[in-house]
Amino acid sequence: MADKALLNSGPLVIFDCDGVLVDSEPLSVRVLVEALNRHGIDMAEEEAYQRFLGRSLATMRQVMDEEYDFHTGPEFLETLRLDLYDLFKTDLRPIDGIAETLDALALLNLPRCVASSSQPERIRLSLSITGILDKLEPHIFSASMVKNGKPAPDLFLYAAEQMGVTPANCIVIEDSPAGIEAAQRAGMTVFAFTGGSHACVPGYRERIDELSPDLIFDAMPDLLHLVKNHMEGRGGASSQRAV
């Protein structure tokens with residue numbers, strides 16, 4: 001559990017990983033769609049975003065099994081993992097400004113952690129490739145650690161508990177509708193980040209708007225002053241835009 005003195009200094013900032021810390025969503029969707037197409041499943045990238053953005057591997061497997069009668073066995077999953085990791089090693093990039101933003105939050109003595117639907121191995125690989133792993137270790141939490149993935153609140157509640165912070169004193173940074181809903185159900189403040197490459201997918205921004213997060217922003221360097229405003233009680237009305 002995290003150091004209590006550190007955690008008493010301000011709100012816990014909980015980062016999703018894919019689409020918030022690293023610009024991985026287009027790569028992940030590309031690899032998944034190509035793998036499904038090779039097995040005769042005709043799914044466009046737009047549909048994959050709508051169905052799977054922000055959701056766990058277990059959820060993807062359940063959807064494919066129940067709605068497509070396609071069992072994603074060990075061989076399929078291993079090929080998917082290897083193809084994705086190979087692409088990450090050549091093409092994965094951090095979200096613009098995230099390293100500087102994490103450093104600035106650290107200077108304010110604000111606790112930070114990661115709560116992602118991805119597997120722990122994938123989270124750490126992503127953060128290592130993009131050079132920000134050391135800024136977030138060891139506080140990395142995965143949906144594999146809880147019973148129910150996003151949009152259930154389990155993962156965010158688990159992360160807050162492990163960090164020794166009440167849900168009301170957490171700010172979640174999320175890019176996906178499932179993640180935003182999970183944070184809301186956990187009783188946490190949620191800032192929707194729409195600065196990833198997948199923000200141009202048709203219908204994406206409309207789905208974010210419909211969920212009415214506490215704030216929507218699309219430039220990661222803005223996060224520092226948005227957190228400061230929230231701490232000072234000047235965050236403003238719900239669903240505010242910082243863009």
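Up top you'll find the structure we're talking about.
Because the structure is a prediction, the values reported are computed rather than measured.

Colleague: Go over the nonpolar core with me, naming the residues and quoting the values.
Modeller: If you look at the biggest cluster of nonpolar residues, it comprises 81 residues, and the most contacted ones within it are Phe15, Leu21, Leu127 and Ile173. Not counting residues within four places of it along the chain, the set of residues in contact with Phe15 comprises Val20, Leu21, Ile98, Leu102, Leu105, Arg112, Cys113, Val114, Ala115, Ile173 and Leu223.

Colleague: So what's going on with the environment of Val29? Which residues, and what values?
Modeller: For Val29, the location among the structural elements is in helix α2 (residues 25-38). Judged by relative accessible area, which is 8%, Val29 ranks as buried.

Colleague: Residues and numbers for the packing of helix α5 (residues 74-91) against helix α7 (residues 120-129), please.
Modeller: The description of two helices packed together rests on the angle between their axes and the distance between the axes. Remark: α5 packs on α7, axes separated minimally by 10 Å, with the N-to-C direction vectors making an angle of 15°. Comparing the axis directions of α5 and α7 gives the class roughly parallel. The hand of the α5/α7 crossing is right-handed. For the pair formed by α5 and α7, the contact residues are Arg81, Leu84, Tyr85, Phe88 and Lys89 on the first element and Glu121, Arg122, Leu125, Ser126 and Ile129 on the second. Looking at side-chain class alone, the contact of α5 with α7 contains five nonpolar, one polar and four charged residues.

Colleague: Give me the pairing of strand β2 (residues 112-116): which residues, what numbers.
Modeller: Burial within β2 is extensive, with five of its five residues counted as buried. Every second residue of β2 is oriented toward a common face, with Arg112, Val114 and Ser116 on one face and Cys113 and Ala115 on the other, all of them buried. Where β2 lies against strand β3 (residues 140-142), three bridges are found, and the strand directions are parallel. Looking across to β3, one finds that Ser116 is bridged to Ser142. Each parallel crossover has a hand, and for β2 linked through α7 to β3 it is right-handed.

Colleague: Can you tell me about helix α6 (residues 98-107), naming the residues and giving the values?
Modeller: All of the buried residues in α6 are Ile98, Thr101, Leu102, Ala104 and Leu105. Summarising the axial view, the buried residues of α6 lie within an arc of 160°, below the 170-degree limit, and thus occupy one face. Every exposed residue of α6 that faces more than 90 degrees away from the buried side is listed here: Glu100 and Leu107. Against the buried residues of α6 lie β1 (12-15), β2 and α11 (223-231). Downstream of α6 by a residue or two, Asn109 has a phi angle that is positive, lying close to 65°.

Colleague: Report on the pairing of β1, specifying residues and quantitative values.
Modeller: Burial along β1 is two-sided: Leu12 and Ile14 facing one way and Val13 and Phe15 facing the other are all buried. As defined by bridge partners, β1 adjoins strand β4 (residues 170-174) across four bridges and the pair is classed as parallel. The partner of Ile14 across the bridge, within β4, is Val172.

Colleague: How would you summarise the layout of surface pockets if you had to cite specific residues and measurements?
Modeller: Here the largest pocket is characterised by a volume of approximately 610 Å³. Lining the largest pocket are 28 residues, with Arg55, Leu57, Leu84, Ser118 and Arg122 positioned closest to its centre. Classifying every residue of the lining of the largest pocket gives 13 nonpolar, seven polar and eight charged. Along its surface, the second largest pocket is lined by 15 residues, and Ser56, Ala58, Thr59, Lys147 and Gly149 are the ones closest to its centre.

Colleague: Give me the state of the cysteines: which residues, what numbers.
Modeller: Each disulfide is one covalent bond, formed between the sulfur atoms of two cysteines. For the structure on display, the rule yields zero disulfides. Cysteine Cys17 remains unbridged, with the sulfur of Cys113 as its closest cysteine sulfur at 12 Å. With no disulfide partner, Cys113 has as its closest neighbouring cysteine sulfur the one in Cys170, 7.4 Å distant. For Cys113, a relative accessible area of 0% puts it in the buried group.

Criteria and cut-off values
- Residues numbered from 1 in each chain as written.
- Predicted model: local features only at pLDDT ≥ 70, side-chain atom pairs only at ≥ 80, totals over all residues.
- Heavy atoms only, no water.
- Core = buried A, V, L, I, M, F, W, Y, C linked by side-chain atoms within 4.5 Å.
- Buried < 20%, exposed > 50% of the residue type's maximum accessible area, 1.4 Å probe, protein only.
- Contact = heavy atoms within 4.5 Å.
- Helix = DSSP H or I, 4+ residues; strand = E, 2+ residues; numbered from the N terminus.
- Axes fitted to C-alpha atoms, helices over the stretch in contact; angles between N-to-C directions.
- Parallel < 35°, antiparallel > 145°, perpendicular 65-115°, else oblique.
- Left-handed = near helix turned anticlockwise from the far one by under 90°.
- Nonpolar A, V, L, I, M, F, W, Y, C, P; charged D, E, K, R; others polar.
- Pairing = 2+ DSSP bridges.
- Right-handed = clockwise from strand over helix to strand, strands pointing away.
- Arc of directions from axis to C-beta.
- 1 Å grid on protein atoms, 1.4 Å probe; cavity = no way out; pocket = protein on both sides within 12 Å on 5 of 7 lines; lining within 4 Å.
- Points joined across faces, edges and corners; volume = space filled by probe spheres on them.
- Disulfide = S-S within 2.5 Å.

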